[in-house]
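Architecture at a glance
Residue-level listing of the chains:
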Amino acid sequence: MTFLEKLEKLMKEHNLNKSTLSKSCGIPYTTIDGWYKKGFEDLRLSTLKKLSTFFNTSLDFWAYDNEENEPLKLSEEKQKFISEIINMDNSQFKLINRIVDSVLDETDK
C-alpha cells in the first residue's frame with residue numbers, strides 16, 4: 001500500500017475527510033490536499049509523527065509499502081496501561097516488570 005492508500009484507509013476507518021483530519025491532528029489542510037494533487041515525496045518527519053500519534057501507528061507503517069506494517073490495534077485499556085508504564089519512574093517500572101515476569105512464569109507451568 002502506498003502512503004495515500006494507507007491514509008485513505010485510516011481516514012475511512014475513523015470517518016474523517018481531509019478537513020476533519022487536518023483539524024484533528026494539526027496538519028494544515030493545504031498540506032493534506034497537496035499530497036493528493038502534487039504527491040507526497042517531500043513528507044516531513046514531523047508530519048509523519050503527527051499522523052503516527054493520531055492514528056496510533058508506527059513510523060515504519062508509513063515508511064514501507066508492504067502490508068505487514070498494519071497499525072497496531074490495542075484496546076483502550078491496553079493503551080492506558082502502556083501509557084502508565086511509559087510514565088513510571090525506574091523503580092516503579094522494575095517492580096511492574098518483576099510482577100509481569102512472575103505472572104508469565106506461572107502461566108507457563
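Everything that follows concerns the structure shown earlier in this document.
In this report, we go over the structure that sits alongside the text. (Residues numbered from 1 in each chain as written. Predicted model: local features only at pLDDT ≥ 70, side-chain atom pairs only at ≥ 80, totals over all residues. Heavy atoms only, no water.)

Within the chain one finds seven helices and zero strands. Seen in sequence order, the chain has helices and strands lined up from the N terminus as α-α-α-α-α-α-α. Taken against the 2.2 N^0.38 rule, which gives 13 Å for 109 residues, the C-alpha radius of gyration of the chain at 18 Å runs more than 25% over that of a compact globule. Seen through its principal axes, the chain has C-alpha atoms that stretch 55 × 25 × 25 Å. Taken across its 109 residues, the chain has 22% of its residues classed as buried. Once local pairs closer than 6 in sequence are excluded, the contacts in the chain between residues at least 24 apart make up 53%. Approximately 8200 Å² of the chain is accessible, and the part contributed by carbon and sulfur atoms is 52%. (Helix = DSSP H or I, 4+ residues; strand = E, 2+ residues; numbered from the N terminus. Rg over C-alpha atoms; globule rule 2.2 N^0.38 Å. Buried < 20%, exposed > 50% of the residue type's maximum accessible area, 1.4 Å probe, protein only. Contact = heavy atoms within 4.5 Å. Areas by Shrake-Rupley, 256 points an atom, 1.4 Å probe, with all protein chains shown as cover.)

Okay, the packing of helix H1 (residues 3–13) against helix H4 (residues 45–55) next. Relative orientation and spacing of two packed helices are given, respectively, by the angle between their axes and the distance between those axes. The contact between H1 and H4 brings their axes to 12 Å, and the two run at 35°. Crossing geometry of H1 relative to H4 is assigned as left-handed. For the pair formed by H1 and H4, the contact residues are Phe3, Leu7, Leu10 and Met11 on the first element and Leu48, Leu51 and Phe55 on the second. (Axes fitted to C-alpha atoms, helices over the stretch in contact; angles between N-to-C directions. Left-handed = near helix turned anticlockwise from the far one by under 90°.)

A few words now on the pattern of salt bridges. Counted under the stated rule, the structure contains three salt bridges. One salt bridge connects Lys18 with Asp33, and the closest N-O pair in it is separated by 2.8 Å. On the criterion of sequence distance, the pair formed by Lys18 in helix H2 (residues 18–25) and Asp33 in helix H3 (residues 29–38) is long-range, its members being 15 residues apart. By relative accessible area, Lys18 is classed as partly exposed at 25%. What makes Asp33 buried here is its relative accessible area of 11%. Linked through salt bridges whose partners overlap, the residues forming this network are Lys18, Asp33 and Lys37. (Salt bridge = Lys/Arg side-chain N within 4 Å of Asp/Glu carboxyl O.)

This next bit is on the packing of aromatic side chains. For the coordinates displayed, the defined rule picks out six aromatic pairs. Ring centres of Phe3 and Trp62 lie 5.4 Å apart, and the angle between their planes is 55°; this geometry places the pair in the tilted category. Separated by 59 residues along the polypeptide, Phe3 in helix H1 and Trp62 in helix H5 (residues 59–63) bring together distant segments of the chain. Its relative accessible area of 2% is what places Phe3 among the buried residues. Considering the side-chain rings of Phe54 and Phe55, the 4.9 Å spacing of their centres and the 80° angle between planes classify their relative orientation as edge-to-face. On the accessibility criterion, Phe54 (30% relative accessible area) is partly exposed. We classify Phe55 as buried; its relative accessible area is 5%. Taken together through their ring pairs, the aromatic side chains of Phe3, Trp35, Phe40, Phe54, Phe55, Phe61 and Trp62 make up a single cluster. Directly above the aromatic system of Tyr36 lies the positively charged group of Lys18, at a separation of 4.7 Å from the ring centroid. (Phe/Tyr/Trp six-rings, centres within 6.5 Å; stacked < 30°, edge-to-face > 60°. Lys NZ or Arg CZ within 6 Å of the ring centre and 35° of its normal.)

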